[in-house]
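# Descriptive structure summary
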Amino acid sequence: DKTFEKMLYEYGNLNKKEIDVSFELPNRDWSARLSRPTINCWCFNIRENLKLRDPQLNYEQVDGNRGRRYQFPRRMDFTYLITTWTRKAEDEHQLIWRALGAMKRFTTIDQAMCEGDLRYQARPIPLLVATEGDNPINLADLWSVLDNDMRLGFTVRATLELELDMAFEAPLVLEGTIRIGQTEDPRTRELQAVDFEFKHNESTLSDNGEKEE
């Protein structure tokens, strides 16, 4: 996601202070909350690219006479729907043209361009931008599920390597929400609560309910 965001801002020559890039589900509730022009990149499908699967095993020699056997990485296709959201149709068309031009200039993404864990991919990442590919997408069906007005857009398919033997040593950290507050009698009165976003090991709450970094 961060790699796509970087590509859109840098190669589309977009101002971060004026235009947002979102990866949320573009349903009706989401679009009703928008306050400025937005490019939405919704990843809606993941499947293995069977044409690129190698059924053979790879061998790595260890300590001269001992060896370790492991599987080649699986190649996974991630498909995004790219749409733009503005108040005027003319602005929407100009923004989608910028987004299309930024993504279409690449057939692969090199590791040097990537953000996060994508920098450790063994191969450049193939891209199919605004191309049907092997699995045609029925956009009308997608929008019926989203319960939102259909928008002009295009698909992007990125093929990533999934290392089946990779050890996930670092703990998984996800964002969550806690609710705190006070009430005279929790059994009979609703808790007057306030939401706080937090990340594990990044913030704590003191005894008086204040957030401490």
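The coordinates are above.
Treat the numbers as computed from the prediction; the structure is a model and nothing was measured.

Quick notes on the rules
Residues numbered from 1 in each chain as written. Predicted model: local features only at pLDDT ≥ 70, side-chain atom pairs only at ≥ 80, totals over all residues. Heavy atoms only, no water. Helix = DSSP H or I, 4+ residues; strand = E, 2+ residues; numbered from the N terminus. Buried < 20%, exposed > 50% of the residue type's maximum accessible area, 1.4 Å probe, protein only. Contact = heavy atoms within 4.5 Å. Areas by Shrake-Rupley, 256 points an atom, 1.4 Å probe, with all protein chains shown as cover. Core = buried A, V, L, I, M, F, W, Y, C linked by side-chain atoms within 4.5 Å. Pairing = 2+ DSSP bridges.

### Points about the overall build of the protein chain
Counting its secondary structure elements, the protein chain contains four helices and 12 strands. Of all 213 residues assigned to the protein chain, the portion counted as buried reaches 29%. The long-range share in the protein chain, meaning contacts at least 24 apart out of those at least 6 apart in sequence, stands at 61%. By element, 48% of the accessible surface of the protein chain is carried by carbon and sulfur atoms, the whole surface being about 15100 Å².

### Digging into the nonpolar core
Residues Phe4, Ile39 and Leu127 are the most contacted members of the largest nonpolar core, which totals 27 residues. Listed by contribution, the elements that provide at least two residues to this core are α1 (2–11), β2 (38–48), β5 (74–85), α3 (89–104), β7 (125–129) and β8 (153–162). Sort the elements by how many residues they give to this core and α3 lands first, with five residues. Excluding its chain neighbours within four sequence positions, the residues that come into contact with Ile39 are Leu8, Leu14, Ile19, Asp20, Val21, Ser22, Ile82, Thr83, Thr84, Leu95 and Ala99. Residues Trp42, Trp85, Trp143 and Leu146 belong to the second largest nonpolar core, which totals seven residues.

### Some thoughts on the pairing of β8
Buried residues dominate β8, accounting for eight of its 10 residues. Relative to β8, β7 runs antiparallel, the two sharing three bridges. Across the sheet, residue Leu128 finds its bridge partner in β8, namely Arg157.

### Topic: the environment of Arg75
Note on placement: Arg75 falls in strand β5. When the C-alpha atoms of Arg75 and Glu163 are compared, they prove to be 9.0 Å apart, with 88 residues separating the residues in sequence. Not counting chain neighbours up to four residues away, the residues in contact with Arg75 comprise Arg47, Glu48, Asn49, Leu52, Arg123, Pro126, Thr159, Leu160 and Glu161.

### Notes on the pairing of β7
Only one face of β7 is buried, namely the one carrying Ile125, Leu127 and Val129, since none of Pro126 and Leu128 on the opposite face is buried. Bridge count between strand β6 (residues 108–109) and β7: two bridges; the pairing is antiparallel. Looking at the pairing, Thr108 lines up with Pro126 of β7.

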